[in-house]
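Letter by letter, the chains look like this.
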Amino acid sequence: MPPVHAIPLVAAMALAAPQVPQGTPDPLARPGQRPDQAPVQDDRSTLTIATDGVIGIVGPRDPLPGPEASAGFVVDVPCRALGEPAPTLFLDDGQRSVGRLVMGPSGSRWKHPSMPPFAIDPSRTRFLVMSGPIPPRAEAADAIHLFNGDRIEGIVETVDAAGVSLSVAGADGAAVTTVPIDAVRAIALVVPDRPRAGTRAWLTDGSVIDGSSIRWIGRREAAIEDVASLPGGPGRILRSDLAAAEFRPGSIRPLARLMRGAAPPSGDPVGRHATVAPRRGAGTWAFDAPTITLEGPVRVECDPPGAPSRQVATVRRSPTAAHAGSVVVRVESGGNEAFRARLGVGQRECELRADLAASGFAIELLSDDGSLVGDCVELERAVVVSTPTQP
């Protein structure tokens, strides 16, 4: 049975957030931003994603659409994980809060820079990490991971200035052990998955926050209403701190989650070329969508989106690949070609927009000139938009 936390979790740790394992998104950072730098204020346009998948552009001083006309929006710049992430708390529904612990008369609370402090709920907390990678998910018992590589399993009872106390089963029954804070690298707690609801916002500091809606306050600020992890009030943030938002759960999905195995492309004799499986980048873009690297010639089958949808991505090549040869990127859906673009010599990028049927689809990268040297592209901002109002 999963452990029962006998005493409310009181945290008093100076945390430094981890690298992120498979299934947990990486923090976001702007290209070129050092880990110790605050987000840079700039005049970035915003891409809006309508409920039919049509992409629009909104200027940095223009009002952004709401859920009645949009599936979501995203700032027009790729975001990737760079350097050491900031201190972070991970919850059971995919939310994460980059911030710090603050001490008070009644114990410690979690503080995001843009939101009031809130009590840490052990029944909702999946990870607390001081340093290094996130540990494996706790399945049968809570686990304390130490800096020396050891792991202690049991039921975490308290985390306070004295250390982390947990009940550990032994031959003579359970005994409470307290581990000094400075020895603890990470804590993993047993919590079940919780489905998300409402609007999800990705912030430029790497936080992922859910609420009932986003309310605009003028043109420079926004309030995330009814924040799920913050009872008692909205979170107020600058518009420049918003990386992306999804108004309906599941309406904007990372393409990487739908990708299956790789095979030789249509018409390519089996065995003529080696087939390389798609690679996911270490960092993630908004919507938790990693950069995907394709090495051609290759055909990648994808799971059915389940409803008429639109695939959206930016196709980019490195300068070396762009000058080495020409490639063709195509998408096939419902037995028809939904997209085809040729990137000639010297051409580094194009926008991919493909209308998909509810059935499965495939992405192909083909050589256009017989040379395989330049047959490598990256898919950034790669998502599939599916909503009930999709035509």
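My aim in this report is to walk through the structure given alongside it, one point at a time. (Residues numbered from 1 in each chain as written. Predicted model: local features only at pLDDT ≥ 70, side-chain atom pairs only at ≥ 80, totals over all residues. Heavy atoms only, no water.)

## Examining the overall build of the protein chain
Part 1: Within the protein chain, the regular secondary structure consists of 2 helices and 30 strands.
Part 2: Of all 391 residues assigned to the protein chain, the portion counted as buried reaches 51%.
Part 3: A total of about 17000 Å² of accessible surface is found on the protein chain, and carbon and sulfur atoms cover 54% of it. (Helix = DSSP H or I, 4+ residues; strand = E, 2+ residues; numbered from the N terminus. Buried < 20%, exposed > 50% of the residue type's maximum accessible area, 1.4 Å probe, protein only. Areas by Shrake-Rupley, 256 points an atom, 1.4 Å probe, with all protein chains shown as cover.)

## Section: the pairing of strand S14 (residues 199–203)
Part 1: Across the 5 residues that make up S14, a large majority, 5, are buried.
Part 2: By the bridge criterion, 4 bridges tie S14 to strand S15 (residues 208–211) in an arrangement that is antiparallel. Among the inter-strand pairings, Trp202 is bridged to a residue of S15, identified as Val208.
Part 3: Linkage of S14 to S15, two consecutive antiparallel strands, is achieved through a turn of 4 residues, within which Gly206 is found at a positive phi near 105 degrees.
Part 4: Relative to strand S19 (residues 242–246), S14 runs antiparallel, the two being bridged by 4 bridges. For Trp202, the partnering residue across the bridge sits in S19 and is Ala244. (Pairing = 2+ DSSP bridges.)

## Let's talk about the pattern of salt bridges
Part 1: Throughout the structure, instances matching the rule amount to 24 salt bridges.
Part 2: Residues Glu225 and Arg215 are paired through a salt bridge, measuring 2.3 Å at the closest nitrogen-oxygen approach. Taken together, the residues span a long stretch of sequence, with Glu225 in strand S17 (residues 221–225) and Arg215 in strand S16 (residues 213–217) at a distance of 10 residues.
Part 3: Overall, Glu225 belongs to the buried group, its relative accessible area being 17%.
Part 4: Here Glu349 makes a salt bridge to Arg316, at a shortest N to O gap of 3.2 Å. (Salt bridge = Lys/Arg side-chain N within 4 Å of Asp/Glu carboxyl O.)

## Digging into the sheet that holds S17
Part 1: Taken in spatial order, the 3 strands of this open sheet run S16-S17-S18, and their pairing is antiparallel. Two strands in the sheet have a free side with no partner beyond their single neighbour: S16 and strand S18 (235–238). When the angles between neighbouring strand axes are averaged without regard to direction, this sheet yields 30 degrees.
Part 2: By the bridge criterion, 5 bridges tie S16 to S17 in an arrangement that is antiparallel. If you follow Arg215 over to S17, its bridge partner there is Ala223. (Axes fitted to C-alpha atoms, helices over the stretch in contact; angles between N-to-C directions.)

## Observations concerning the pairing of strand S24 (residues 298–302)
Part 1: Across the 5 residues of S24, 4 count as buried, placing the element largely inside the fold.
Part 2: Note that strand S21 (residues 259–263) and S24 share 3 bridges and pair antiparallel. Paired with Ala262 across the strands is Val300, a residue of S24.
Part 3: Two elements, S24 and strand S29 (residues 361–367), share 5 bridges in a ladder whose sense is antiparallel. Looking at S29, one finds that Cys302 is bridged to Phe361.

## Some remarks on the nonpolar core
Part 1: Among the nonpolar cores identified, the biggest contains 28 residues, and Leu255 and Phe361 are the most heavily contacted of them.
Part 2: Other than its neighbours up to four places away in sequence, Leu255 contacts Ile292, Cys302, Gln311, Phe361, Ile363, Leu379, Ala382, Val383 and Val384. (Core = buried A, V, L, I, M, F, W, Y, C linked by side-chain atoms within 4.5 Å. Contact = heavy atoms within 4.5 Å.)

## Examining the packing of aromatic side chains
Part 1: Applying the stated rule across the entire model yields 4 aromatic pairs.
Part 2: On the numbers, 5.2 Å between centres and 75 degrees between planes, the contact of Trp202 with Phe287 is edge-to-face. With a gap of 85 residues between them, Trp202 in strand S14 and Phe287 in the loop between strand S22 (279–285) and strand S23 (289–295) connect regions that are remote in the sequence. Just as Trp202 is buried, Phe287 falls in that class too.
Part 3: Each member of the aromatic cluster is reached from another via a ring pair, and the members are Phe73, Trp216 and Phe247. (Phe/Tyr/Trp six-rings, centres within 6.5 Å; stacked < 30°, edge-to-face > 60°.)

## Remarks on the sheet that holds S29
Part 1: Here we have 5 strands laid out as an open sheet, ordered S21-S24-S29-S26-S27, and antiparallel in their pairing. Two strands close off the open sheet at either side, each with one partner strand: S21 and strand S27 (336–343). Along the sheet, successive strands turn relative to each other by an average axial angle of 15 degrees, direction set aside.

## Here's the deal with the environment of Ser97
Part 1: Structurally, Ser97 is set in strand S5 (residues 96–98).
Part 2: Once you skip the residues sitting within four places of it in the chain, Ser97 turns out to touch Pro87, Thr88, Leu89, Trp110, His112 and Ser207.

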